[in-house]
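Structure assessment
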Amino acid sequence: MSTPGVKIALLQMTSGIDPAANAATMADAVSRAAGEGAAMLFTPEMAGLLDRDRKRAREHIVLEADSPTLATLRAAAAQAGIWLHVGSLPVLADGDGEGRFANRAFVIDPTGAIVARYDKIHMFDVDLATGESWRESAAYRPGEQVVTVECPVGKLGLAICYDLRFPALFNELSARKCDAITIPAAFTVPTGVPHWHVLQRARAIESSAYVISPAQTGLHADGRETYGHSLVVDPWGEVLLDMGTSPGLGFAMLDRARTDDVRRQVPSLVNRRPIPQLSA
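Residues numbered from 1 in each chain as written. Predicted model: local features only at pLDDT ≥ 70, side-chain atom pairs only at ≥ 80, totals over all residues. Heavy atoms only, no water.

A look at the sheet that holds strand 4 (residues 101-108)
Here we have six strands laid out as an open sheet, ordered 5-4-3-2-1-16, and mixed in their pairing. Looking along the sheet, the strands with just one partner apiece sit at the ends: strand 5 (114-119) and strand 16 (248-255). Strand-to-strand twist in this sheet, taken as the mean axis angle between neighbours without regard to direction, amounts to 30°. As judged from the seven bridges shared by strand 3 (residues 83-92) and strand 4, these two strands associate in the antiparallel manner. Note that in strand 4 the partner of Pro90 across the bridge is Asn103. The sheet strands contacting helix 3 (residues 68-80) are strand 3, strand 4 and strand 5, and the helix crosses strand 3 at an angle near 170°. (Pairing = 2+ DSSP bridges. Helix = DSSP H or I, 4+ residues; strand = E, 2+ residues; numbered from the N terminus. Axes fitted to C-alpha atoms, helices over the stretch in contact; angles between N-to-C directions. Contact = heavy atoms within 4.5 Å.)

Structure representation (structure tokens):
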């Protein structure tokens, strides 16, 4: 990390089906976070549009270069002079012959420039016992790149929501010695209750890194309900921030000395060895 202590802000949202309203909420949060002295603001997955009606949603999903939401957020970051991690926006996937979308995260610097992009790798295709059924791959093209970026929290690794359940991605991010990993989410309530905190803490512990996870919360305009509990977890697995279920801003301090101390006590990144392949 560039400084011993870095103040960050998380925005917990109940995003709806109106991109302009969602963008206004985020732009206001950018200004407020900067005013509170945060070096960087993190927003949830699908912060700009959360709509399970894909026909209706498609009317608002455009190429990245044409996104009014992204333009608004870049301008807000530049005006406030703050780093911004946009958890994800739905955009048209460039060059996709099937007309699919990308679930894309952005890191924006204090000049408003986009310095990193990450397309969600793992698609949420599940049938829950509650009767909920999700087929993200029917509309979204999975990403193919692991992404890290230097920013105020040091080397930041990017992931999105369902990626949380796939340790291989986090093994690669920890191999790249990330200081922090962000996992913005729109987690369902049935999966969030038993799994959210456990998996977040596990990823922080195994990576010896901070985990920063801004989340969607509450009942949304499209009828879905999300779990909330935006989290910041330190490299020892201790929860520094749990925002519960109310939308709004939360703040946490990240300390490089804490990361160094944990990596000295449990040097798992240094001790890691290739796993032998089992013979048939």
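Some points on the environment of Arg224
Of note, Arg224 is situated in the loop between strand 12 (217-219) and strand 13 (225-227). Of the polar contacts made by the side chain of Arg224, one reaches the side chain of Asp222; its length is 2.8 Å. (Polar contact = N/O pair within 3.5 Å; in protein donor to acceptor, adjacent residues only side chain to side chain.)

Observations concerning the pattern of salt bridges
Within this structure, the stated rule accounts for 17 salt bridges. Residue Asp222 pairs with Arg224 through a salt bridge whose shortest N-O separation is 2.8 Å. Note on Asp222: relative accessible area 11%, which makes it buried. Residue Arg224 is classed as buried on the basis of its relative accessible area, which comes to 14%. We note a salt bridge from Glu238 to Arg258, for which the minimum N-O separation is 3.7 Å. Taken together, the residues Glu238 in the loop between strand 14 (231-233) and strand 15 (239-242) and Arg258 in helix 6 (residues 256-265) connect sequence positions 20 residues apart. For Glu238, a relative accessible area of 41% puts it in the partly exposed group. A single salt-bridge network, built from bridges that share partners, covers Glu64, Asp94, Arg104, Arg117 and Asp119. (Salt bridge = Lys/Arg side-chain N within 4 Å of Asp/Glu carboxyl O. Buried < 20%, exposed > 50% of the residue type's maximum accessible area, 1.4 Å probe, protein only.)

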